[in-house]
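An overview of the molecular structure
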Protein chains: 2
Amino acid sequence: MFDELRVPPRILLGPGPSIANPRVLKAMTTPMLGYLDADFVEVMNDTVALIRQVYGTQNLLTFPVSGTGTAGMETALTNIIEQGDSVVVGINGYFGGRIADIAERCGAEVTPVHAEWGNIIQPEQIAEACDKVTPKLVAVVHGETSTGVLQPLEQIIDITHENGALFLADCVTSLGGQPVELDARSIDIAYSCTQKCLAGPPGLSPISFSDRAVEVIRNRKTKTQSFYLDATLLAEYWMGDSRKYHHTVSMSLIYALREALRVVIEEGLSPRYQRHERNAKALIAGAEAIGLQPAATKNHRAPMLTTLLIPDGIDDATIRKRLIQDYGIEIGGGLGIFAGKAWRIGLMGDAANEQNVLLVLNAIETLLIEFGASVDTGTAVCAAAAVYQSS
Amino acid sequence: MFDELRVPPRILLGPGPSIANPRVLKAMTTPMLGYLDADFVEVMNDTVALIRQVYGTQNLLTFPVSGTGTAGMETALTNIIEQGDSVVVGINGYFGGRIADIAERCGAEVTPVHAEWGNIIQPEQIAEACDKVTPKLVAVVHGETSTGVLQPLEQIIDITHENGALFLADCVTSLGGQPVELDARSIDIAYSCTQKCLAGPPGLSPISFSDRAVEVIRNRKTKTQSFYLDATLLAEYWMGDSRKYHHTVSMSLIYALREALRVVIEEGLSPRYQRHERNAKALIAGAEAIGLQPAATKNHRAPMLTTLLIPDGIDDATIRKRLIQDYGIEIGGGLGIFAGKAWRIGLMGDAANEQNVLLVLNAIETLLIEFGASVDTGTAVCAAAAVYQSS
């Protein structure tokens, strides 16, 4: 009744999943092992060690949550927050809003710090909020997937710590594409995903808690409201000499994550970050040449995700449908207030390369011309090529 | 620094993961699709339709939770329970205890209904509890993975409904190995996993809510405390004509689940259940012949998981270690009060076959003889063979 699975070829240049590395897909054909098999525990240990490398941390409590980036977000919040705790959340896009929503469900009194979509959260805003409420936690999104903003962290972290709070960075989009550097920056809690700049399949959320954050968890007066995401119980499975069953983790996804992280380390973190930057620069040069403006303010653009404002008179859905139909290219639509108003072009992980940049620019240019834009043929790729040839 | 992933061959006869079907592993090499790609929505729809078939339900709100069986358990409870709700939980093993723990974290007043490990929960016990507290929900474990008990459901369901409560069955171990039949039995909420009788990788939890359960969710006065597991938001992604982003599901795991369910349907549900029963019968015959007693009372044994009490003088860990070392066989140790006192032999999904039964029986017999049991060589396989030849 249901045929063998067949999927059409796609060039995934949306907000994730990105194109998974073939080595990662192959790793998923590895047979299962028991969740406490000594050989599997070794695979777990390798994976945790690799996560630490990419996060730039020695944090003991580091492991992949058995769920996607949002599960990582909820793990971070549900373990730190108790009923009535004060939490400051930077909201300059969709995912900042999601942090606030989840924090409230965890019982927090949330103080939102708003900035226009496309702008960064200013350190003074965080300082002001901290003065007002003395938060337990300050949370911001490092790479805002809805706007393409890369939030500068250093000053906000200092302000947070001066106010005695923990600092949380949502690294779902940034990890593997830009430096996160938990220890160097003193980030207390970070989580990410596997299907963006790590070029793996979705399904896990690498998370890390500093010793200070662990201390806060240890001193909770109430149980974490989620059992599935209870970091104290998860630590007993992921860490130490005598492992204790909590739930049956997904061997296949852990095999995949281990391989994805090996690929990242083989390329080298700095070269990988530079590759993301170079391709984003070319993409933006091409886009601007044909009149498409990035939503994120200059100097604060996340190279792995470029949000472009859709020109007046151009229909979002039509263009995205044609990109799929004519080119097999997926780009992302806008989220939240950007729905119908912006496109999100991801150049994440393996997909951050010259061929994809030239292809997507030429495809968009072709369609814009078809729908009435007055642009000379080849303008976009020409501008992008200039970036490649000069760097 | 970290070599290519290599895992030793294992015959997985523990509580899960079971040996994954090779077709399912292969399906995971399928490239990613966007989470709202029309072609991916088709894959989602296929998967939901197949889940409904195996569950025996027409329930609209049926989908795989992006997490393991425990995430399914938490999804079921967190969406139904509000602060102060009364919940009756049957506890005759480890996982009944876990339901009670999670229900309490969701704010429920839990009335536990205890039975000895290895015994079933008696309908009168549920009736008595319902008289006392008028619960919103009655929850029991269908196949208790810690004891190998298969709980009869019909009478308990009737009592539950007569008392105006919803009925929840934990089908983590039973689905795909024994009839679950949600609609025929009027089960309101069920969840399962992918790595036991469905012979897939772990990572998803197929869940289903009856219309009555959906109505209860719709009439909540408070938000579900988990955003990640919020069934109302998940329904907007999994159901209907206009799909709304909630989180990036794991394409790879959904591909795998679709294929695993195709394999189940191809075999046929009844033949599959009978295969599980026949092999369990042979296993138990062989085990009893060498003096190993099932922990589960007769007539209430879950064929996919046989819990055997460890004879006096035999060291649990030593035998399990030798089974791995000498035979590459994994069986499960005891959980909770059965730790060190019972073995759990799973014959789940593809692994429920004659070769595994004969192999594990002969291996255990060999080791028991080595450690002093007075058993004639070949007793176990001889008893098992008799079952195979007579049925």
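Residues numbered from 1 in each chain as written. Chains lettered and ligands numbered in written order. Predicted model: local features only at pLDDT ≥ 70, side-chain atom pairs only at ≥ 80, totals over all residues.

Scanning chain A from terminus to terminus reveals 14 helices and 13 strands. Its C-alpha atoms give chain A a radius of gyration of 21 Å, within 12% of the compact-globule value 21 Å for 391 residues. When the 391 residues of chain A are sorted by exposure, 58% land in the buried category. In chain A, the share of contacts with a sequence separation of at least 24, taken over all contacts with a separation of at least 6, comes to 72%. (Helix = DSSP H or I, 4+ residues; strand = E, 2+ residues; numbered from the N terminus. Rg over C-alpha atoms; globule rule 2.2 N^0.38 Å. Buried ≥ 20, exposed ≤ 12 C-beta atoms within 10 Å, placed from the backbone. Contact = placed C-beta atoms within 7 Å.)

Along the chain, Tyr 245 of chain B turns up in the loop between helix H9 (231–238) and helix H10 (251–267). Separated by 11 residues in the primary sequence, Tyr 245 of chain B and Leu 234 of chain B have C-alpha atoms spaced 8.6 Å apart.

This part covers the interface of chain B and chain A. Each side of the interface is counted separately: chain B has 57 residues, and chain A has 56 residues. Counting only elements with at least two residues in the side of chain B that touches chain A, the list comes to helix H1 (22–27), helix H2 (38–55), helix H3 (69–80), helix H4 (94–105) and H10 of chain B. Looking at side-chain class alone, the side of chain B that touches chain A contains 26 nonpolar, 18 polar and 13 charged residues. (Nonpolar A, V, L, I, M, F, W, Y, C, P; charged D, E, K, R; others polar.)

All names here are of chain B. Compared with an ideal rise of 1.5 Å per residue, which puts 12 residues at 16 Å, H4 spans 17 Å between its outermost C-alpha atoms and is within 8% of the ideal. Of all 12 residues that make up H4, nine are buried, and the element is covered over most of its length. Taken together, the buried positions of H4 are Tyr 94, Phe 95, Gly 96, Arg 98, Ile 99, Ala 100, Ile 102, Ala 103 and Arg 105. Residues of H4 that are buried make contact with H3, strand E3 (86–91), strand E4 (109–114), strand E5 (137–141), strand E6 (143–144) and strand E8 (166–170). (Expected span 1.5 Å × (residues − 1).)

Residues and elements named next belong to chain A. Taken together, seven strands build an open sheet; the order of strands is E2-E10-E9-E8-E5-E3-E4 and the sheet is mixed. Two strands lie at the open edges of the sheet, namely strand E2 (61–65) and strand E4 (109–114), each paired on one side alone. Neighbour to neighbour, the strand axes of the sheet diverge by 15° on average, direction disregarded. Of the pairings in the sheet, the one linking strand E3 (residues 86–91) to E4 comprises six bridges and is parallel in character. Paired with Val 88 across the strands is Thr 111, a residue of E4. Across the face of the sheet, helix H8 (residues 211–218) comes into contact with E2, strand E8 (166–170), strand E9 (189–191) and strand E10 (205–209) while running at roughly 110° to E8. (Pairing = 2+ DSSP bridges. Axes fitted to C-alpha atoms, helices over the stretch in contact; angles between N-to-C directions.)

Attention shifts here to the relation of the copies chain B and chain A. Superposing chain B onto chain A requires a rotation of 180° together with a translation of 0.0 Å along the rotation axis, leaving an RMSD of 0.0 Å. Such a combination of rotation and displacement between the chain copies is what one expects of a two-fold axis. When C-alpha distances to the rotation axis are compared across chain B, the minimum falls at Gly 67 of chain B, with a value of 2.7 Å. (Least-squares fit on C-alpha atoms with pLDDT ≥ 70 in both.)

All names here are of chain B. Where helix H5 (residues 123–133) contacts helix H6 (residues 154–162), the axes come no closer than 9 Å and their chain directions differ by 15°. Taken together, H5 and H6 sit at an angle that is classed as roughly parallel. Seen from above, H5 lies across H6 with right-handed handedness. Contacts between H5 and H6 involve Pro 123, Ile 126, Ala 127 and Cys 130 from the former and Gln 155, Ile 156, Ile 159 and Thr 160 from the latter. Each residue belonging to the contact of H5 with H6 can be placed in one class, and the counts come to six nonpolar, two polar and no charged. (Parallel < 35°, antiparallel > 145°, perpendicular 65-115°, else oblique. Left-handed = near helix turned anticlockwise from the far one by under 90°.)

Where strands meet in a sheet, backbone hydrogen bonds hold them as pairs that are either parallel or antiparallel. All names here are of chain A. If you trace the four strands from one edge of the open sheet to the other, you get E1-E12-E13-E11, paired in mixed fashion. Every other strand in the sheet has two partners, leaving strand E1 (11–13) and strand E11 (305–309) as the edge strands with one partner each. If you compare each strand with its neighbour and ignore which way they point, the axes differ by 30° on average. Two elements, E11 and strand E13 (residues 342–346), share five bridges in a ladder whose sense is antiparallel. Note that in E13 the partner of Leu 305 across the bridge is Gly 346.

What follows concerns the pairing of E3 of chain B. Residues and elements named next belong to chain B. Counting buried residues along E3, six of its six residues qualify, which places the element largely inside the surrounding structure. Residues of E3 alternate between two faces, with Ser 86, Val 88 and Gly 90 on one and Val 87, Val 89 and Ile 91 on the opposite face, all of them buried. Sheet topology places E3 next to E5; three bridges connect them, and they run parallel. Paired with Val 88 across the strands is Val 138, a residue of E5.

Within the largest apolar cluster, 269 residues are counted, with the highest numbers of intra-cluster contacts made by Ala 103 of chain A together with Ala 103 of chain B. The residues touching Ala 103 of chain B, leaving out its near neighbours within four places in the chain, are Leu 77, Ile 81, Val 87, Val 89, Ala 108 and Val 110 of chain B. (Core = buried A, V, L, I, M, F, W, Y, C linked by C-beta atoms within 7 Å.)

Right, let's talk about the domain arrangement of chain A for a bit. By a frequent convention, interface size equals the accessible area lost on bringing the separate parts together. Residues and elements named next belong to chain A. Assigned domains of chain A: these are domain 1 (21–266) and domain 2 (269–390). Computed from C-alpha coordinates alone, the two centres of domain 1 and domain 2 are separated by 29 Å. Across the boundary between the two partners, domain 1 contributes 24 residues, which contact 23 residues of domain 2. For the side of domain 1 that touches domain 2, the residue count by class is 10 nonpolar, 13 polar and one charged. (Domains from an automatic or database assignment.)

Moving on to helix H13 (residues 354–370) of chain B. Residues and elements named next belong to chain B. Here H13 spans 24 Å end to end across 17 residues, near enough to the 24 Å set by a 1.5 Å rise per residue. Within H13, burial applies to Asn 356, Val 357, Val 360, Leu 361, Ala 363, Ile 364, Glu 365 and Leu 368. Packing partners of the buried residues in H13 comprise strand E1 (11–13), helix H11 (269–289), helix H12 (316–327), strand E12 (329–333), strand E13 (342–346) and helix H14 (379–390). Looking at the residues trailing H13, positive phi occurs at Gly 372, about 105°.

On average, residues of chain A carry a pLDDT of 98, and 100% of them reach 70 or more. As scored by the predictor, the complex reaches a pTM of 0.98 and an ipTM of 0.98. (pLDDT = per-residue confidence, 0-100.)

Our focus in this paragraph is the environment of Thr 366 of chain A. Structurally, the position occupied by Thr 366 of chain A is in helix H13 (residues 354–370). C-alpha of Thr 366 of chain A to C-alpha of Asp 376 of chain A: the two residues are 10 residues apart in sequence and 9.9 Å apart in space.

So, about the packing of helix H12 (residues 316–327) of chain A against H13 of chain A. All names here are of chain A. Running from N to C, H12 and H13 point in directions that differ by 120°, and their axes come no closer than 11 Å. Regarding the angle of H12 to H13, the classification is oblique. Considering how the two elements wind past one another, H12 and H13 form a crossing that is right-handed. For the pair H12 and H13, the contacting residues are Ile 319, Arg 322, Leu 323 and Tyr 327 in the first and Leu 359, Ala 363 and Leu 367 in the second.

With that settled, the discussion passes to unusual backbone geometry. Residues and elements named next belong to chain A. Cis geometry marks the peptide bond from Gly 16 to Pro 17, where omega comes out at 5°. Mapped onto the elements of the fold, Pro 17 is located in the loop between E1 and helix H1 (22–27). Located in the positive-phi region is Ala 199, a residue other than glycine, with phi close to 55°. You can see Ala 199 is positioned in the loop between E9 and E10. Taking the C-beta count within 10 Å as the criterion, Ala 199 has 29 such neighbours and is therefore assigned buried.

It is worth spelling out the environment of Ala 127 of chain A at this point. Along the chain, Ala 127 of chain A turns up in helix H5 (residues 123–133). As for Ala 127 of chain A and Ile 159 of chain A, which are separated by 32 residues in sequence, their C-alpha atoms are 6.1 Å apart.

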